[in-house]
Amino acid sequence: MSTPPAIESAADVAPCCVLGETIDDTVAQDLARVFKALGDPTRVKLMSLIAGSSAGEMCVCDLTEPVGLSQPTVSHHMKLLVEAGLVEREQRGRWAYYRPTIDTLAAAAKALIT
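Scoring rules and cut-offs
- Residues numbered from 1 in each chain as written.
- Predicted model: local features only at pLDDT ≥ 70, side-chain atom pairs only at ≥ 80, totals over all residues.
- Heavy atoms only, no water.
- Axes fitted to C-alpha atoms, helices over the stretch in contact; angles between N-to-C directions.
- Helix = DSSP H or I, 4+ residues; strand = E, 2+ residues; numbered from the N terminus.
- Parallel < 35°, antiparallel > 145°, perpendicular 65-115°, else oblique.
- Contact = heavy atoms within 4.5 Å.
- Nonpolar A, V, L, I, M, F, W, Y, C, P; charged D, E, K, R; others polar.
- Pairing = 2+ DSSP bridges.
- Polar contact = N/O pair within 3.5 Å; in protein donor to acceptor, adjacent residues only side chain to side chain.
- Core = buried A, V, L, I, M, F, W, Y, C linked by side-chain atoms within 4.5 Å.
- Buried < 20%, exposed > 50% of the residue type's maximum accessible area, 1.4 Å probe, protein only.
- Phe/Tyr/Trp six-rings, centres within 6.5 Å; stacked < 30°, edge-to-face > 60°.
- Lys NZ or Arg CZ within 6 Å of the ring centre and 35° of its normal.
- Salt bridge = Lys/Arg side-chain N within 4 Å of Asp/Glu carboxyl O.

A.B. asks: Run through the packing of helix 2 (residues 41-51) against helix 4 (residues 71-83), naming residues and quoting values.
C.D. replies: Contact geometry of helix 2 with helix 4 gives a least axis separation of 10 Å together with a crossing angle of 80°. Accordingly, the angle class assigned to the pair helix 2 and helix 4 is roughly perpendicular. Residues Thr 42, Arg 43, Leu 46 and Ile 50 of helix 2 pack against Val 74, His 77, Met 78, Leu 80 and Leu 81 of helix 4. Its residues assigned to classes, the contact of helix 2 with helix 4 comprises six nonpolar, two polar and one charged.

In structure tokens:
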């Protein structure tokens, strides 16, 4: 009779991949907030509208029609984009104006791929 092959322990097996550095919990939470804000198609569309504006900014009053939502609903979506650091808000009289902060999105993407 032949002897059964030896079973290797996990300690004896070399890893198949070299693990990269992991981000810490605080950075992971910050990144999750950015990507969660973009996890809604309406917010992606709003972000695209603002980033593509020839003026570099847009009034909330001009964002309601393209997404087909009421001003309070658009304002709620914009609040989440502001909290994620993806847009900046400036109050001018009765209306809020938003401009993109492209650096936040670029930094979030870079944190995942470096």
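A.B. asks: Talk me through the sheet that holds strand 3 (residues 95-100); I want residue IDs and the actual numbers.
C.D. replies: Pairing in this open sheet of three strands is antiparallel, and the strands run 1-3-2 from one edge to the other. At either margin of the open sheet sits one strand with a lone partner, and together these are strand 1 (58-59) and strand 2 (87-92). Where strand 1 lies against strand 3, two bridges are found, and the strand directions are antiparallel. Its bridge partner being in strand 3, Cys 59 is matched across the sheet by Tyr 97. Most of the contacts of helix 4 go to strand 2, to which it runs at about 130°, and overall it touches strand 2 and strand 3.

A.B. asks: Lay out the environment of Glu 88 with the relevant residues and their values.
C.D. replies: Its location among the elements puts Glu 88 in strand 2. Sequence separation between Glu 88 and Arg 99 is 11 residues; the distance between their C-alpha atoms is 5.4 Å. Excluding residues that lie within four positions of it along the chain, Glu 88 makes contacts with Tyr 97, Tyr 98, Arg 99 and Thr 101.

A.B. asks: Please set out the side chain of Ser 53 residue by residue, giving values where relevant.
C.D. replies: Turning to its location among the elements, Ser 53 is positioned in the loop between helix 2 and strand 1. Here Glu 57 takes part through its backbone oxygen, which lies 2.9 Å from a polar atom of the side chain of Ser 53.

A.B. asks: Give me the lowdown on the nonpolar core, citing residues and values where you can.
C.D. replies: In this structure, Leu 63, Met 78 and Tyr 98 are the most contacted members of the largest nonpolar core, which totals 19 residues. Put simply, the parts of the chain that give this core at least two residues each are helix 1 (25-37), helix 2, helix 4 and strand 3.

A.B. asks: An account of the packing of aromatic side chains is needed here, citing residue identities and associated values.
C.D. replies: Counted by the stated rule, this structure contains zero aromatic pairs. Across the ring face of Tyr 97, the terminal group of Arg 92 is positioned such that the distance to the ring centre comes to 4.1 Å.

A.B. asks: I'd like a description of the pattern of salt bridges, backed by residues and values.
C.D. replies: Inspection of every chain in the model, using the stated rule, returns seven salt bridges. Two residues, Arg 92 and Glu 57, come together in a salt bridge whose shortest N-O distance is 2.8 Å. Highlighted residues: Arg 92 in strand 2 and Glu 57 in the loop between helix 2 and strand 1, separated in sequence by 35 residues. Of the residues examined, Arg 92 reaches a relative accessible area of 32% and is grouped as partly exposed.

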